[in-house]
Amino acid sequence: MRKNLPMILIRVIVGVVFLTEGILKFVYPGELGWGRFAHIGLPFPHVLAPFVGAVEIAAGGALILNLYAGDAALMLLVVILTAILTTKAPILLGHPLARFAQPKLDHYGLLSFIHEARTDLCMLFGLVAILIDSGVKVSLRGR
């Protein structure tokens, strides 16, 4: 048990964060659900936000309970990479990325990106650790 404790803690906190964010998309849809998705520039925000919220709730719960944790982490990896690309990449670049709006900040560039993306980056690295620990094999090469 003691040997597994670090991964259990990572799984639980990553799961809690995604579970909470998924719930908030339904509790505050105009602010954190479809409204935020529309503001960012994501297509079909009224459909996409509830779908992402449901994935976050289901996969976050799966991480907490250690049920199909590797598969859940893989689904959430898509969510967090999309979030970083659409909301944080414009901060790093210092200008909008395609249709994705640039937030109004005092500073842009690498340090601002790291500051603004700190939670997203923690979730990203936590999900990668869970994937590695679960033994899920991810291949970027088609077979």
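Summarised in this report is the structure supplied together with it. Treat the numbers as computed from the prediction; the structure is a model and nothing was measured.

**Brief notes about the layout of surface pockets**
- In this structure, the largest pocket spans a volume of roughly 640 Å³.
- Taken together, 26 residues form the lining of the largest pocket, with Lys 25, Phe 37, Glu 56, Val 79 and Ala 83 sitting closest to its centre.
- Taken together, the elements giving at least two residues each to the lining of the largest pocket come down to α1 (5–27), α3 (34–40), α4 (45–65), α5 (69–93) and α7 (118–134).
- Broken down by element, the lining of the largest pocket gets its largest block of residues, 9 residues, from α5.
- When the residues that make up the lining of the largest pocket are grouped by side-chain class, the tally is 16 nonpolar, 4 polar and 6 charged.
- Of the voids in this model, the second largest pocket is the one considered here, and its volume is about 300 Å³.
- Along the walls of the second largest pocket sit 13 residues, with Arg 36, His 39, Thr 87, Gln 102 and Pro 103 positioned nearest its centre.
- Elements with a contribution of two residues or more to the lining of the second largest pocket: α3 and α5.
- The dominant element in the lining of the second largest pocket, judged by the number of residues it contributes, is α5, at 4 residues.

**Structural notes on a nonpolar patch on the surface**
- On the surface, Leu 92, Leu 93, Leu 110 and Ile 114 cluster together into a nonpolar patch covering about 350 Å² of accessible area.
- Of all elements in the fold, only α5 and α6 (110–116) reach the threshold of two or more residues within the nonpolar patch.
- Structurally, the position occupied by Leu 110 is in helix α6.
- The exposure class assigned to Leu 110 is exposed, which follows from its relative accessible area of 53%.

**Re the side chain of Asp 120**
- Mapped onto the secondary structure, Asp 120 falls in helix α7.
- On the basis of relative accessible area, Asp 120 is assigned to the buried category, the value being 14%.
- Here Lys 88 takes part through its side chain, which lies 3.2 Å from a polar atom of the side chain of Asp 120.
- Beyond its immediate chain neighbours, meaning those up to four positions away, Asp 120 contacts Ile 80, Ala 83, Ile 84, Thr 87 and Lys 88.

The rules behind each value
- Residues numbered from 1 in each chain as written.
- Predicted model: local features only at pLDDT ≥ 70, side-chain atom pairs only at ≥ 80, totals over all residues.
- Heavy atoms only, no water.
- 1 Å grid on protein atoms, 1.4 Å probe; cavity = no way out; pocket = protein on both sides within 12 Å on 5 of 7 lines; lining within 4 Å.
- Points joined across faces, edges and corners; volume = space filled by probe spheres on them.
- Helix = DSSP H or I, 4+ residues; strand = E, 2+ residues; numbered from the N terminus.
- Nonpolar A, V, L, I, M, F, W, Y, C, P; charged D, E, K, R; others polar.
- Patch = residues over 30% accessible without salt bridge, like charges linked within 9 Å, V, L, I, M, F, W, Y side chains within 5 Å.
- Areas by Shrake-Rupley, 256 points an atom, 1.4 Å probe, with all protein chains shown as cover.
- Salt bridge = Lys/Arg side-chain N within 4 Å of Asp/Glu carboxyl O.
- Buried < 20%, exposed > 50% of the residue type's maximum accessible area, 1.4 Å probe, protein only.
- Polar contact = N/O pair within 3.5 Å; in protein donor to acceptor, adjacent residues only side chain to side chain.
- Contact = heavy atoms within 4.5 Å.

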